[in-house]
Amino acid sequence: MPQIQVNFQGVHAATGFPLADPGIYRVRVTKVAQKTTKASGEPGLEVWLQILHDQSGGVEFAGINLVRTYVFGDKSKRFTRRFLDACGDDIKAALDGGQMIYDEMLIGRELLVNV
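Residues numbered from 1 in each chain as written. Predicted model: local features only at pLDDT ≥ 70, side-chain atom pairs only at ≥ 80, totals over all residues. Heavy atoms only, no water.

(A) Layout of the sheet that holds strand 4 (residues 110–114). If you trace the 4 strands from one edge of the open sheet to the other, you get 3-2-1-4, paired in antiparallel fashion. On the outer flanks of this sheet lie strand 3 (65–71) and strand 4, each paired with one strand and no other. This sheet shows a mean twist of 45° between the axes of neighbouring strands, independent of strand direction. Taken together, the 7 bridges between strand 2 (residues 43–54) and strand 3 define a ladder with antiparallel strand orientation. Paired with glutamine 50 across the two strands is asparagine 65, which belongs to strand 3. Along the sheet, helix 1 (residues 77–86) contacts strand 1 (24–36), strand 2, strand 3 and strand 4; its crossing angle with strand 3, the most-contacted strand, is approximately 130°. (Pairing = 2+ DSSP bridges. Helix = DSSP H or I, 4+ residues; strand = E, 2+ residues; numbered from the N terminus. Axes fitted to C-alpha atoms, helices over the stretch in contact; angles between N-to-C directions. Contact = heavy atoms within 4.5 Å.)

If you want it as structure tokens, here you go:
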């Protein structure tokens, strides 16, 4: 297994960024942007998900934003598709039918995510 070749001695974790405990949360898509990834240069989809509540309805982490980038590369396209399918049957049907979808179609969608 490759090692991470960075010395973190004396480096403290950033503060001011609230983190959600691991768990399953209902989230809402609040922002979507098509971007080129810095690492590979491949096109991708940056998605902002705002936590609404946890599985039991708890709101301790409500309002925290999770940011995820889905890449359109050949090896990772299936993970992007899994996210898009979770956004609703109409999105899945559009993709299955070869139709284009737009960023705005995803805004406001609610889904469950595992953090």
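There's more to say after this.
(B) Representation of a nonpolar patch on the surface within the structure. A surface patch of nonpolar side chains, about 310 Å² in accessible area, is lined by Val6, Phe8 and Val11. Looking at the element boundaries, valine 6 is found in the segment before strand 1. (Patch = residues over 30% accessible without salt bridge, like charges linked within 9 Å, V, L, I, M, F, W, Y side chains within 5 Å. Areas by Shrake-Rupley, 256 points an atom, 1.4 Å probe, with all protein chains shown as cover. Salt bridge = Lys/Arg side-chain N within 4 Å of Asp/Glu carboxyl O.)

(C) Region of the structure containing the pattern of salt bridges. Tallied over the full model, the rule gives 8 salt bridges. The partner of arginine 81 in a salt bridge is aspartate 85, with the nearest N and O atoms 2.6 Å apart. On the criterion of helical spacing, the pair formed by arginine 81 and aspartate 85 is a turn pair, its members being 4 residues apart in helix 1. Residue aspartate 85 is classed as partly exposed on the basis of its relative accessible area of 24%. A cluster of three or more residues bridged by salt bridges with shared partners is formed by Arg81, Asp85, Lys92 and Asp96. (Buried < 20%, exposed > 50% of the residue type's maximum accessible area, 1.4 Å probe, protein only.)

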